[in-house]
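Fold and contact review
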Amino acid sequence: TAFAAPAAAAPAATAEGDDAAEDAPVEEKKVEAVVLKANLTIRLLGFDASKKINVIKEVRAMLGEGLKESKDKVEGAPCMLKKGVPRAEAEAQAEKLRAAGAEIALE
């Protein structure tokens with residue numbers, strides 16, 4: 001009977017090991033799904049007409065362009081504002097633009 005106990009324990013350990021092995025690929029898939037693009041493109045889809053001046057000011061501040069260039073970009077919506085922006089910076093800029101009245105998409 002002393003020899004039977006370790007034999008009985010071994011299949012239980014194997015079953016637990018199999019469960020852990022089955023869980024590992026699921027966890028890896030979850031991690032892959034969470035991985036997001038590091039750099040994004042900020043696109044201006046449109047804006048609230050009553051807040052056009054505020055949107056132009058934010059676009060100008062974000063791009064460092066002149067007033068005319070910024071106005072032309074805003075009036076030419078939908079358009080790409082900035083490409084290859086780090087995720088954190090893109091989200092912060094998108095929030096500022098949304099607060100100014102712009103409709104923004106991050107791609």
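Here the structure is shown first, and the text comes after it.
An account of the accompanying structure is given in this report. (Residues numbered from 1 in each chain as written. Predicted model: local features only at pLDDT ≥ 70, side-chain atom pairs only at ≥ 80, totals over all residues. Heavy atoms only, no water.)

1. Describing the pattern of salt bridges
Under the defined criterion, the tally for this structure stands at seven salt bridges. Linking Glu89 and Lys82 is a salt bridge whose minimum nitrogen-to-oxygen distance equals 3.7 Å. Look at Lys82 and you get partly exposed, because its relative accessible area is 24%. In this structure, Arg98 engages Glu95 in a salt bridge whose closest nitrogen and oxygen atoms are separated by 3.2 Å. Of this pair, Arg98 and Glu95 both sit in helix H4 (residues 87-100), three residues apart, roughly one helical turn. Assessed through its relative accessible area of 48%, Glu95 is described here as partly exposed. Sharing partners across several salt bridges, the network here consists of Lys52, Lys71 and Glu75. (Salt bridge = Lys/Arg side-chain N within 4 Å of Asp/Glu carboxyl O. Buried < 20%, exposed > 50% of the residue type's maximum accessible area, 1.4 Å probe, protein only. Helix = DSSP H or I, 4+ residues; strand = E, 2+ residues; numbered from the N terminus.)

2. Regarding the nonpolar core
Counting 17 residues, the largest nonpolar core has Ile42, Leu44, Leu81, Leu97 and Ile104 as its most contacted members. Going through the elements one at a time, strand E1 (39-47), helix H2 (52-63), strand E2 (79-86), H4 and strand E3 (102-106) are the ones with two or more residues in this core. (Core = buried A, V, L, I, M, F, W, Y, C linked by side-chain atoms within 4.5 Å.)

3. Details of the sheet that holds E3
Each strand in a sheet pairs with another by means of backbone hydrogen bonds, the pair being arranged parallel or else antiparallel. In spatial order, the strands read E2-E1-E3; together these three strands make up an open sheet with antiparallel pairing. On the outer flanks of this sheet lie E2 and E3, each paired with one strand and no other. Here the strands of the sheet are splayed against their neighbours by 25° on average, with no regard to which way each runs. Looking at chain direction, E1 and E2 are connected through five bridges and run antiparallel. Paired with Leu44 across the two strands is Cys79, which belongs to E2. Against the sheet, H4 makes contact with E1, E2 and E3, and its axis sits at roughly 145° relative to E2, the strand it touches most. (Pairing = 2+ DSSP bridges. Axes fitted to C-alpha atoms, helices over the stretch in contact; angles between N-to-C directions. Contact = heavy atoms within 4.5 Å.)

4. Considerations on H4
If you check H4, its first and last C-alpha atoms are 20 Å apart, about what 14 residues at 1.5 Å a residue would give, namely 20 Å. When H4 is considered as a whole, its buried residues turn out to be Ala90, Gln93, Ala94, Leu97 and Ala100. Within H4, the buried residues cover an arc of 115° as seen down the axis, which keeps them to one side. Facing away from the buried side of H4 by more than 90 degrees, the exposed set consists of Ala88, Lys96 and Ala99. Against the buried residues of H4 lie E1, H2, E2 and E3. Positive phi shows up at Gly101, right after H4, with a value of about 115°. (Expected span 1.5 Å × (residues − 1). Arc of directions from axis to C-beta.)

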